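Read off the chains here:
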Amino acid sequence: MARQEIGLDMKPETLARWGGVKQLDLPRSFWIGLVLLAPLIITTRVILLSIVHYTDEFSFIWLANAIVVIALLKNPTRTWPYIAVVAYGSYFLSNQISGAESSEIAVFATLCNMVEIFTVTVPLRYFGGDLNFTKIFPLLAFYILALIFAPILSGAMYAASFHYSPSPNVHIPELSDFGKIIWSWYLPHALGMAAIAPLGLCSSKKEFGALFSRQSLPGTIGLLLALISIFSCIHLWPSLPLAMLLLPIVVLFVFYLGFAGTTISVVAIAFFLEGNLALLDMSVGHRTPFVDENFIRMQFWLLAISATAMTLGAMLSEQRALNERLIEANEIAVTALQKAENLRMSAEAAARSKTLFLANMSHELRTPLNAIIGFSDIIKSGLFGPVGSSKYSEYASDIYASGKHLLSVISDVLDMSKIEAGKIELNPEPSDLCALIRFSTHTVETNAENIGITLITKIPRHPVLLNVDPRAIKQILLNLLSNAIKFTPKGGEVIVRLVHDEKGTSIEIEDTGIGIPLDQLPLLGKPFVQLKNDPMTTHEGTGLGLALARSLTEGHGGSLLIESALSRGTKVTVFLPVAIEYEQAKQLG
C-alpha cells in the first residue's frame, strides 16, 4: 500500500513493516516459524482448555492470544494472512482436541479471539506503535488496547454468541449472566495479553539463543532452579505468603538474562499459578470464595510482576542504549580531538616553516638591498664626482627611495615572523616617552608637511619615564604615525597626546582621515590585512604596521585600542603599564 493510499505520512520503517509498496519474497525462516507456531498454539490452548474443563470453567490466564500477537507484530503485515489462517485453524483444532466446547461455540470463540488479537495489532501497526515497546508511548498504547478495548469487545461478542445462540443447550436466558461471561473472559485474556505480549515483543531470537550460550548458560540454569525451588515451596506450604518471592526472582531474570529470560520466567510463573490454583480447586471439589479470591489476587500479582519486569527491562534497555550512545559519542570526541591535535600540530609546523622561510628570505634580501641603497646614495649625492646627466641622479634617487621602502617592508616581515615565532626580544630600560614621541614626530614631520597635513604634539614638559624598550616604542609610534598620515587627506590633522598619571600611561594618536567602517574594525591588527575604504585610492604597505604595533605593545604588558568612524577619523590609544613610580618620575622631571 502506498503512502498516498494510506492517507498518512508514515515513517519509512512503519511503511516497511506494513509490507511496503513492493511485494518482497518471504524468507525460509518465516515458513519454519509458521510451522512451529501451530503446535505452540495448540499445545498451549489444549493445556489451558483442559484445566478449564476439569475445574468447572476456572481460567487463570490466556496465553494463546499473546503468542499470536507477538507473531503478528514481529513480522511484516504482508505475512499476517498466513499467520491468521494458522492461528484460526490451531484455535479450532485445539478446541476439538480438548473437547471443552461444542463445535458451534468453538467457531464463535475462535472468531472472538481473532477480533481481540486484531483489535490490538492493527492500530499499533497502522500508527507505528509496535516499533519500540521500550518507549513509554507505544507501551501505554498497547496497555490501553490490551486491557480495555480488545478484551471487553471480544468478551461482549463471546457472551452474545451464548445469549443469542439458537441452540437450547447454550442459550442463556438471564441477562445478568451476560456480565458474568464478559468478566470471566476479560480477566484471563487481559492478563495474558498485558503480562506476556510486551515481554515477548521486546525479546529477539538472538537474545533467546544467548540464554543458552556458554557464557550465559550457568546463570540461566541457576535462575531456573531457583524459580523451581520457589514453586515447590509455594506448593508445599500454600498458607505461607511465599508467592512474594516471585518478584525478586523475576527482577534477577531482568538484570541477568534480559527480556528473553524474563519472558520465560513470567510464562513459567503463569503456568505454575494456573496449575496450582487448578489443583486447589479440584481438591476442594467445587469453586469456593477462597479459590475465587486467590484466583483474582494471583492474577493481579502476576500482572504486577510482569509490569515491574517490563518497567525495569525498559529502564535497563534505555540505560544500555544511553551507555552505548555515550561510548560512541566519547569515541567520536576522542577521534575528533586526535584529528584536532594533528591539525594543530600540522598548523604549527606550517607556521614554523613559514616563519623560518620569511626569516631566511628577509636576511637574504637585506644584504643586497643594503648594497643597492648604499651605492644609490653615493651616486645621487655625487660622492666621487658628478655622474653626467641629471637623469642619472634622478634615477639614483628613485632607486634609493624604493630600496629604503623595500628594506622597511622586509624589516616589518622579519619582525612579524619573530613575533609569531615567539623569538622577539625586548630590552626594557628607563626611557623618556616624551623624547621618544618628539623623535618619532620629527621623523615623519617632513612627510606630513609635503602632503599638507598638520602634525600636532601635546605632551608634558617634564620627562615621563617608563621601563620600556625604546627601539620598540619608536617602531610603535612610527607605524601608527605613518598610518595616520597615509590615510588623512590634505588639510587634515594628526594629533599626538601623552597622558601619564597613577592609573598608567597612554599615547593617543588621532587623525581626521577617512576613518574605518564599524564592521571592519575587528580586522585591524591582523597581519597582512589592509582595508580599502575607497576603491579609487591605493596606499602602499603590507598591512603589518598595525599588527606589529599591537604585538610590541602587548609585549610590554600593555594594550592597543582603536576607535573610528567612517569619514570622521581614527583614534589609536596605546596603554602602557607604569614601571617607574609616578612620584619618582615627577621628581626626576
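Residues numbered from 1 in each chain as written. Predicted model: local features only at pLDDT ≥ 70, side-chain atom pairs only at ≥ 80, totals over all residues. Heavy atoms only, no water.

Trainee: I tried to follow the overall build of the chain on my own but got confused; where do I start?
Mentor: Secondary structure summary: the chain contains 17 helices and 7 strands in total. The buried share among the 589 residues of the chain stands at 42%. Taking the intrachain contacts of the chain between residues at least 6 apart in sequence as the baseline, contacts between residues at least 24 apart amount to 72%. Summed over all atoms, the accessible surface of the chain reaches about 31900 Å², with 64% contributed by carbon and sulfur. (Helix = DSSP H or I, 4+ residues; strand = E, 2+ residues; numbered from the N terminus. Buried < 20%, exposed > 50% of the residue type's maximum accessible area, 1.4 Å probe, protein only. Contact = heavy atoms within 4.5 Å. Areas by Shrake-Rupley, 256 points an atom, 1.4 Å probe, with all protein chains shown as cover.)

Trainee: Quick question: what am I supposed to make of the packing of helix α14 (residues 433-451) against helix α15 (residues 470-486) here?
Mentor: Packed helices, taken two at a time, are described by the angle their axes make and the gap between the axes. The geometry of α14 relative to α15 is characterised by a closest axis approach of 9 Å and an angle of 30° between their N-to-C directions. Considering their axes alone, α14 and α15 lie roughly parallel with respect to each other. Classified by chirality, the crossing of α15 by α14 is right-handed. Residues Leu433, Leu436, Ile437, Phe439, Ser440, Thr441, Thr443, Val444, Asn447, Ala448 and Ile451 of α14 pack against Pro470, Ile473, Lys474, Leu477, Leu478, Leu481, Ser482 and Ile485 of α15. Looking at the contact of α14 with α15, its residues break down into 13 nonpolar, 5 polar and 1 charged. (Axes fitted to C-alpha atoms, helices over the stretch in contact; angles between N-to-C directions. Parallel < 35°, antiparallel > 145°, perpendicular 65-115°, else oblique. Left-handed = near helix turned anticlockwise from the far one by under 90°. Nonpolar A, V, L, I, M, F, W, Y, C, P; charged D, E, K, R; others polar.)

Trainee: Would you mind going over the sheet that holds strand β6 (residues 559-565) with me for this structure?
Mentor: What holds strands together in a sheet is hydrogen bonding between their backbones, with the strands either parallel or antiparallel. With respect to topology, 5 strands assemble into an open sheet ordered β2-β4-β5-β7-β6, the strand pairing being mixed. A single partner strand is all that each edge strand has here, and the edge strands are β2 (454-458) and β6. Between one strand axis and the next, the sheet turns through 10° on average, direction left out of account. The pairing of β6 with strand β7 (residues 569-576) spans 7 bridges and is antiparallel. Each bridged residue has a counterpart across the sheet, and for serine 559 the counterpart in β7 is phenylalanine 575. Of the strands in this sheet, β2, β4 (493-501), β5 (504-511) and β7 are in contact with α15, which crosses β5 at around 25°. Of the strands in this sheet, β6 and β7 are in contact with helix α16 (residues 545-555), which crosses β6 at around 140°. (Pairing = 2+ DSSP bridges.)

Trainee: How should the environment of histidine 235 be read in this particular structure?
Mentor: With respect to the helices and strands, the residue histidine 235 is situated in helix α10 (residues 217-236). C-alpha separation for the pair histidine 235 and asparagine 276, spaced 41 residues apart in sequence, amounts to 7.0 Å.

Trainee: Which parts of the structure should I look at to understand the packing of α15 against α16?
Mentor: Viewed as axis vectors pointing N to C, α15 and α16 meet at an angle of 145°, and their least axial separation amounts to 9 Å. The hand of the α15/α16 crossing is left-handed. Two secondary-structure elements touch here, α15 through Ala472, Gln475, Ile476, Asn479, Leu480 and Asn483 and α16 through Gly545, Leu546, Leu548, Ala549, Leu552 and Thr553. Residue composition of the contact of α15 with α16, grouped by class: 7 nonpolar, 5 polar and no charged.

Trainee: Could you clarify how one ought to interpret helix α4 (residues 64-73) in this entry?
Mentor: Every α-helix carries 3.6 residues per turn, so stepping three or four residues along brings you back to the same face. Among the 10 residues of α4, 10 are classified as buried, and the element is accordingly described as predominantly covered. For α4, the complete set of buried residues consists of Ala64, Asn65, Ala66, Ile67, Val68, Val69, Ile70, Ala71, Leu72 and Leu73.

Trainee: Help me understand the packing of aromatic side chains in this model?
Mentor: To describe a pair of aromatic rings, you give the distance between the ring centres and the angle between the ring planes. All told, the structure shown has 9 aromatic pairs when counted by the stated rule. Here the aromatic rings of tryptophan 31 and tyrosine 82 are separated by 5.3 Å at their centres, their planes lie at 80°, and the arrangement is edge-to-face. Linking tryptophan 31 in helix α3 (residues 28-54) with tyrosine 82 in helix α5 (residues 80-98), this pair joins segments that are 51 residues apart in sequence. The partly exposed category is assigned to tyrosine 82, whose relative accessible area is 36%. (Phe/Tyr/Trp six-rings, centres within 6.5 Å; stacked < 30°, edge-to-face > 60°.)

Trainee: Please clarify how the pairing of β5 should be interpreted in this entry.
Mentor: Remember that side chains alternate between the two faces of the sheet whenever the strand is regular. Most of β5 is tucked away, with 7 of its 8 residues classed as buried. Strand direction decides the pairing type here: β4 and β5, joined by 8 bridges, are antiparallel. Bridging across to β5, valine 496 finds its partner in isoleucine 509. If you look at the hairpin formed by β4 and β5, you'll find 2 residues sitting between the two strands. Here β5 pairs with β7 via 6 bridges, running antiparallel. By the bridge assignment for β7, threonine 505 is matched with leucine 576.

Trainee: How should the side chain of glutamate 116 be read in this particular structure?
Mentor: Summarising the element assignment, glutamate 116 is placed in helix α6 (residues 103-126). The side chain of glutamate 116 is buried and forms no salt bridge, while arginine 45, the nearest opposite charge, is found at 9.4 Å. When neighbours within four sequence positions are excluded, glutamate 116 is seen to be in contact with Asn65, Ala150, Pro151, Ser154, Trp185, His189 and Met193. (Lys, Arg positive; Asp, Glu negative; His and termini not counted. Salt bridge = Lys/Arg side-chain N within 4 Å of Asp/Glu carboxyl O.)

Trainee: Explain the nonpolar core to me, please; I cannot follow it from the model alone.
Mentor: Soluble globular proteins: nonpolar side chains tend toward being buried together. In this structure, Val69, Val120, Phe142, Leu246, Ile269 and Leu302 are the most contacted members of the largest nonpolar core, which totals 69 residues. Beyond its immediate stretch of four places on either side in the chain, valine 120 contacts Val69, Phe142, Leu145, Ala146, Ala150 and Met193. Ranked by size, the runner-up nonpolar core spans 33 residues in total, among them Ile453, Leu466, Ala472 and Leu521. (Core = buried A, V, L, I, M, F, W, Y, C linked by side-chain atoms within 4.5 Å.)

Trainee: What am I meant to see in α14 here?
Mentor: With 19 residues, α14 should cover 27 Å at 1.5 Å per step; its first-to-last C-alpha distance of 27 Å lies within 8% of that length. When α14 is considered as a whole, its buried residues turn out to be Leu433, Cys434, Leu436, Ile437, Ser440, Thr441, Val444 and Ala448. Of the residues one or two after α14, glycine 452 is the one with positive phi, at around 95°. (Expected span 1.5 Å × (residues − 1).)

Trainee: I tried to follow the pattern of salt bridges on my own but got confused; where do I start?
Mentor: Between side chains of opposite charge, a pair can form when the charged atoms approach closely. All told, the structure shown has 4 salt bridges when counted by the stated rule. Arginine 497 is the salt-bridge partner of glutamate 508, the closest N and O atoms lying 3.4 Å from each other. With glutamate 508 in strand β5 and arginine 497 in strand β4, this residue pair connects regions lying 11 residues apart in the sequence. In this structure glutamate 508 comes out as buried when scored by relative accessible area, which is 14%. Among the salt bridges present, the one from lysine 571 reaches glutamate 508, with a minimum N-O distance of 3.7 Å. With lysine 571 in strand β7 and glutamate 508 in strand β5, this residue pair connects regions lying 63 residues apart in the sequence. Shared partners join several salt bridges into a network, and the residues in it are Arg497, Glu508, Glu510 and Lys571.

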